[in-house]
2 protein chains.
Amino acid sequence: MREVAILGIGQTAVDEHWDKSLKELAGEASIAAISEANLKRVDAIFVGNMLSGMLSKQENIGVLLSDWLGIPGPETIKVEAACGSGAAAFRNGLISVASGEVDTALVVGVEKMTESLPIETTEALSTAADADYEAVFGLSFVSINALVMQRYLHVYGWSHTDFARFSINAHANALHNPNARLHLAITESEYNQARMIAAPINLLDASPIGDGAAAIILVPAEKLSPCTPFIAVAGSGAATDTISVHSRKDPLWLSAAAKSVKIAYQQARVTPTDIDLFELHDAFSIMSALSLEACGFAERGQAPRLAIEGEICPSGRIPITTRGGLKARGHPVGATGVYQLVEVVQQLRGEAGDTQIVDAKIGMAQNIGGSGASIITHILQKKN
Amino acid sequence: MREVAILGIGQTAVDEHWDKSLKELAGEASIAAISEANLKRVDAIFVGNMLSGMLSKQENIGVLLSDWLGIPGPETIKVEAACGSGAAAFRNGLISVASGEVDTALVVGVEKMTESLPIETTEALSTAADADYEAVFGLSFVSINALVMQRYLHVYGWSHTDFARFSINAHANALHNPNARLHLAITESEYNQARMIAAPINLLDASPIGDGAAAIILVPAEKLSPCTPFIAVAGSGAATDTISVHSRKDPLWLSAAAKSVKIAYQQARVTPTDIDLFELHDAFSIMSALSLEACGFAERGQAPRLAIEGEICPSGRIPITTRGGLKARGHPVGATGVYQLVEVVQQLRGEAGDTQIVDAKIGMAQNIGGSGASIITHILQKKN
């Protein structure tokens, strides 16, 4: 397989974009990435998206986008893996370029969620769970995660307030990201007193939905001029678990995260200590803890300690959500995985502004579809 | 890239499956394919599906399926390219195996369409068209195809009855396919008198929707015992056109079909005269004509002559829809592309019963998403 380089990135702000349709959001991010890569066209377009059919009455969005971009005739598909759609699309674009099947791939994650009624959006999101054994009983994604967090507090003896630093760090970092949904620093006292959503998850444990798109151009590294610095995709792994948490022997262990990160570590020939930053899937604060543990950054049940001790902050041992994460950059579900990768690229290029990780060389991104059901992990590395 | 072999196939009947859910349909076809391939598990699952979110309130169906099958942890995604989703999923599975990224891939096309109200299904199908410039004006897929057919009749001087043989052939072939939706021979007089849907398309020009699933196991050919006969994927091409027919300079030319088939012919090192059978995308009879022309089997405007002269029948020069096609086997949209490939495999193995093409060695399948917007062509070849 050929080594693959990221030649361009683009993103819109995550926001309520009342004036932009699905194709305009995807188009704006794509044009930015294509321009940065200095390309006129691409061979293939991989779109990560979950909700376009249900919320925008629009499928076939790969063709819609290539048509709108004025790129004639590229191969294009939409990839769906619930909230993991973005990284799943990236991984399929990666394999296409690495294998030699195509020479230039545009990967776009896009989601438009705020134009629908909240009940419609919640119902559409619940299609990531088992319709027959979860959604039908009224289990939403917040309530599934609330059950997991409650169990974690019970088993390991932490209190809710011990999770405060995950949200405080994300909000603090988002202040310096112009594309973040929430520019709002929060305190521990505000975290503790936030409105309850589904106990023990309150408003400041949960990520906000939003509209947005992020895009990446992939090319084979062999086509670049020799000695040009570039960002390489050093590792890529994907794995799944049962669709329902209640089917797992151990509901507090993200086996798909552990399996996918093991593949990515092996491919990239690195260990957790080599990772300079980690854009993880903090849809809820409990997921930050479970991801850190599954990826080898903390012992089981001990991830809140990393947060309390400041090790997840930009200056810490394993900085996470450096541009705001899902919690404060926002979570336009099918786009999120591509936002994470774009943000890792910004860090490795040294373009992350006030939350720049000093001398960042290797970054990781992990995107989760469903309640830990489908997990895709990528490791990016600065070369030359 | 490694040569890829088809090691197992499976399918359910296309029908109104009131007693089977989406996962049970996909599971039944998958178990058949996995058993035939004599495997215990697979590395990856690629699901082709268009409508599960809108009609069954279920996304993340790759995980749903692996979970239901009891296969622990494989990589899995859903691929959507409107009615071309099945072949698009197959193509992504193919690239994953050919590149060496995975060693065994299960490709499943599945769709459940008959449990919803007809208006819901029609609305869901219309998401393959441009929501802002087609669907919003009430253009359904039948009416888009009716405009194309009317134009074809006008430009080339054929009459509606000249298309009868496309439907008669499909229905005649489906009589011998136990998995076909319609077991019902039709006559030219019945074709001429069928109820009008959107002039000039009548009921016997249009394919029926249905529930169903088809599955294929892909492995690298190098892993098979030497000298074992097998079915190889000899060519694969994908291309797109504008999403709307009205944006095309020539609405009677399927440029994405021509482009994708050219790639497939080149990879397989064949020309149209080498193709022993062609499972084309006859969602409407006009599409049979346009596909035959774009793929080099007839001059422009002359495909109806092939039908009138019997050249599309099992004993003719280019047999099409040999197991009933979309017209009579049925069109469970996201599953259709996989059904087509399963049927080509049956022909190449000599398992096609009364519509067996004598000495078939090379077969082609072409799957179309939208109104000619996204087209994927595969060529399969008998080896050893």
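Up top is the structure.
Residues numbered from 1 in each chain as written. Chains lettered and ligands numbered in written order. Predicted model: local features only at pLDDT ≥ 70, side-chain atom pairs only at ≥ 80, totals over all residues. Heavy atoms only, no water.

Enquirer: If you had to explain the relation of the copies chain B and chain A to someone new, which residues and values would you point to?
Expert: For the pair chain B and chain A, the relating rotation is 180°, the translation along its axis is 0.0 Å, and the fit reaches an RMSD of 0.0 Å. Classification of the inter-copy transformation places it as that of a two-fold axis. Of the residues that chain B buries at the interface, 100% are likewise interface residues in chain A, meaning the two copies contact each other through the same surface. (Least-squares fit on C-alpha atoms with pLDDT ≥ 70 in both. Contact = heavy atoms within 4.5 Å.)

Enquirer: Describe the packing of helix α6 (residues 141-156) of chain A against helix α10 (residues 285-294) of chain A, and please don't skip the residues or the numbers.
Expert: All names here are of chain A. For the pair α6 and α10, interaxial distance at closest approach is 9 Å and the crossing angle is 60°. Crossing geometry of α6 relative to α10 is assigned as left-handed. When α6 is examined against α10, the residues Asn145, Val148, Met149 and Tyr152 are found in contact with a partner set consisting of Ser285, Ile286, Met287, Ala289, Leu290 and Glu293. Tallied by class, the residues present in the contact of α6 with α10 amount to 7 nonpolar, 2 polar and 1 charged. (Axes fitted to C-alpha atoms, helices over the stretch in contact; angles between N-to-C directions. Helix = DSSP H or I, 4+ residues; strand = E, 2+ residues; numbered from the N terminus. Left-handed = near helix turned anticlockwise from the far one by under 90°. Nonpolar A, V, L, I, M, F, W, Y, C, P; charged D, E, K, R; others polar.)

Enquirer: An account of the interface of chain B and chain A is needed here, citing residue identities and associated values.
Expert: Contacts between chain B and chain A engage 57 residues on the former and 57 residues on the latter. Between chain B and chain A, the buried area comes to about 4,200 Å², and carbon and sulfur atoms account for 47% of it. Taken as a group, Asn60(B), Glu80(B) and Thr240(B) account for 14% of the area that chain B buries against chain A, more than any other trio of residues on that side. Viewed at the interface, chain A and chain B are joined by 10 salt bridges. When the shortest N-O distance is used, the salt bridge between Lys57(B) and Glu123(A) registers 3.8 Å. Between chain B and chain A we count 28 residue pairs in polar contact (both at pLDDT 80 or more) in total. For the side of chain B that touches chain A, the secondary structure elements donating two or more residues are α2 (52-56), α3 (61-69), β3 (75-80), α4 (85-98), β8 (230-240) and α9 (255-268) of chain B. Element by element, the count of residues in the side of chain B that touches chain A is highest for β3(B), at 6 residues. Looking at side-chain class alone, the side of chain B that touches chain A contains 22 nonpolar, 20 polar and 15 charged residues. With 3 bridges joining them, strand β3 (residues 75-80) of chain A and β3(B) adopt antiparallel strand pairing. In the sheet register, Val79(A) faces β3(B), and the bridge partner there is Val79(B). (Buried area = accessible area lost by both parts, 1.4 Å probe. Salt bridge = Lys/Arg side-chain N within 4 Å of Asp/Glu carboxyl O. Polar contact = N/O pair within 3.5 Å; in protein donor to acceptor, adjacent residues only side chain to side chain. Pairing = 2+ DSSP bridges.)

Enquirer: A description of the packing of helix α1 (residues 22-37) of chain B against α3(B) should follow, citing residues and the corresponding values.
Expert: All names here are of chain B. Axis separation between α1 and α3 bottoms out at 10 Å; the angle between their running directions is 60°. Classed by the angle they form, the pair α1 and α3 counts as oblique. The hand of the α1/α3 crossing is right-handed. On α3, the residues that touch Leu22, Lys23, Glu24, Ala26, Gly27, Glu28, Ser30, Ile31 and Ile34 of α1 are Ile61, Leu64, Leu65, Trp68 and Leu69. Among the residues making up the contact of α1 with α3, the classes are represented as 9 nonpolar, 2 polar and 3 charged. (Parallel < 35°, antiparallel > 145°, perpendicular 65-115°, else oblique.)

Enquirer: Could you give an account of the pairing of strand β10 (residues 362-369) of chain A, with specific residues and numbers?
Expert: Residues and elements named next belong to chain A. Burial of β10 is extensive: 8 of the 8 residues sit out of reach of the surface. The side-chain alternation of β10 yields two buried faces, one formed by Ile362, Met364, Gln366 and Ile368 and the other by Gly363, Ala365, Asn367 and Gly369. Relative to strand β11 (residues 374-383), β10 runs antiparallel, the two sharing 8 bridges. Residue pairing for β11: Ala365 is matched across the bridge by His378. The turn joining β10 and β11, which pair antiparallel and follow one another in sequence, is formed by 4 residues; a positive phi near 75° is taken by Gly370. (Buried < 20%, exposed > 50% of the residue type's maximum accessible area, 1.4 Å probe, protein only.)

Enquirer: Go over helix α4 (residues 85-98) of chain A, please, and point to the residues and values.
Expert: For α4(A), which comprises 14 residues, the first-to-last C-alpha distance of 20 Å matches the rise-based estimate of 20 Å (1.5 Å per residue) to within 8%. Within α4(A), 14 of the 14 residues are buried, leaving the element largely enclosed by the surrounding structure. (Expected span 1.5 Å × (residues − 1).)

Enquirer: Could you give me a rundown of the packing of aromatic side chains, with the residues and numbers involved?
Expert: The description of an aromatic ring pair uses the distance of the two centres, along with the angle that the planes make with each other. Counted under the stated rule, the structure contains 8 aromatic pairs over all chains. Here the aromatic rings of Tyr152(B) and Phe163(B) are separated by 5.8 Å at their centres, their planes lie at 80°, and the arrangement is edge-to-face. Of the two residues, Tyr152(B) sits in helix α6 (residues 141-156) while Phe163(B) sits in the loop between α6 and α7 (164-174), which places them 11 residues apart along the sequence. Residue class for Phe163(B) comes out buried when judged on its relative accessible area of 0%. An aromatic cluster of three or more residues is present, and its members are Tyr152(A), Tyr156(A), Phe163(A) and Phe166(A). (Phe/Tyr/Trp six-rings, centres within 6.5 Å; stacked < 30°, edge-to-face > 60°.)

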